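# Understanding the architecture of this molecule
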Amino acid sequence: MPVIPSSLLEPVWVQFDALLPEQPEFDPTHPLGCHRRRVSNRVVFAHVVDALVHGSGYEHFATEACSDRTIRRRLHAWAQAGLGEQLHALALAAYDRMIGLDLADVSVDGAITKAPCGGDRAGRSPVDRGKGGMKRSTGTDGDGIPLGLIGTSANRHDSPLLRGTFEACSTQLRHHWPEQVTAHLDRAYDNGPTRNLLDELGFDADIARKGIPAPVQVGKRGVVERSNSWMNGFGKIRRCTDRNATIIDFYLYLAAAFVTVRQLIRRARTLYRWDTRPTTRRLK
């Protein structure tokens, strides 16, 4: 049984496959003119998705058709080419075309997860007794669709990450912002540098004030908490064992692409009709 429903996996794979360059079935540089047949990208992608969902080491998902070394080599090549970011950008464009992104209201917040193996995105976690942790700063639209992400060590404060998060959002959206945007932030962003940044970007500010109780239900910033919960549903995001920053970023955007496509299918199934339309809105 696939770890992700085929109604969700196949659309993502079709878009990902369109981004892959053409490669020969056999290695033309082999000295004897022959070599083992190249493992298909579809098989490797299925193993990468298994690793994303379960979060275990690649050796646990390796099969006779695809070894763990093949997974690592292909994953490294895909990450170096920035295919995770490109896939997520395509998913955002499809969502905007069919449903419409709510860019008038954006929310940003950070989330800390485990990084027990250390690496480029690991640091002492302030919420886990100083163990290795990773923080990601996520920007979402008014409905909680992830627009852009950046990863860093867990001991970084949320506020200095805001500029990089908005830059990531702009890159994924191809700088397609409406004239009026309101940024909804929690009290961690209640400071002068944040307000100066929002003024520089031309965004309106809706920031919770320090020292004043403000439940997450107040305002429109609760959607980013929900988006972080969706992202934490993936084992590789919840407990990152990779050390290379490029690989980590690939997984972050691959998870964001799945979240975006899942929400696209859920909302499109009541607006459109197609042959493989799922019969239930519950897509795990």
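Residues numbered from 1 in each chain as written. Predicted model: local features only at pLDDT ≥ 70, side-chain atom pairs only at ≥ 80, totals over all residues. Heavy atoms only, no water.

## A closer look at a nonpolar patch on the surface
- A grouping of Met98, Leu271, Tyr272 and Trp274 is seen on the molecular surface, where their side chains present a nonpolar patch of about 360 Å² in accessible area.
- For Leu271, the position within the fold is in the segment after helix H9 (245–268). (Patch = residues over 30% accessible without salt bridge, like charges linked within 9 Å, V, L, I, M, F, W, Y side chains within 5 Å. Areas by Shrake-Rupley, 256 points an atom, 1.4 Å probe, with all protein chains shown as cover. Salt bridge = Lys/Arg side-chain N within 4 Å of Asp/Glu carboxyl O. Helix = DSSP H or I, 4+ residues; strand = E, 2+ residues; numbered from the N terminus.)

## Description of the nonpolar core
- Ranked by internal contacts, the top residues of the largest apolar core, which has 48 residues, are Phe45 and Phe258.
- Elements represented by at least two residues in this core include exactly helix H1 (6–19), helix H2 (41–54), helix H3 (68–80), helix H4 (83–98), helix H7 (222–232) and H9.
- Not counting the four nearest positions on each side in its chain, Phe45 is found in contact with Leu9, Val12, Trp13, Phe16, Trp78, Leu254 and Phe258.
- Ranked by size, the runner-up nonpolar core spans 25 residues in total, among them Ala94, Ile145, Leu197 and Phe203. (Core = buried A, V, L, I, M, F, W, Y, C linked by side-chain atoms within 4.5 Å. Buried < 20%, exposed > 50% of the residue type's maximum accessible area, 1.4 Å probe, protein only. Contact = heavy atoms within 4.5 Å.)

## Overview of the layout of surface pockets
- If you add up the space inside the largest pocket, you get close to 640 Å³.
- Considering the residues around the largest pocket, the lining is formed by 27 residues, among which Arg38, Val39, Thr70, Arg73 and Arg74 are closest to the centre.
- The dominant element in the lining of the largest pocket, judged by the number of residues it contributes, is H3, at six residues.
- Along the lines of polarity and charge, the residues of the lining of the largest pocket split into 13 nonpolar, five polar and nine charged.
- By volume, the second largest pocket amounts to about 360 Å³. (1 Å grid on protein atoms, 1.4 Å probe; cavity = no way out; pocket = protein on both sides within 12 Å on 5 of 7 lines; lining within 4 Å. Points joined across faces, edges and corners; volume = space filled by probe spheres on them. Nonpolar A, V, L, I, M, F, W, Y, C, P; charged D, E, K, R; others polar.)

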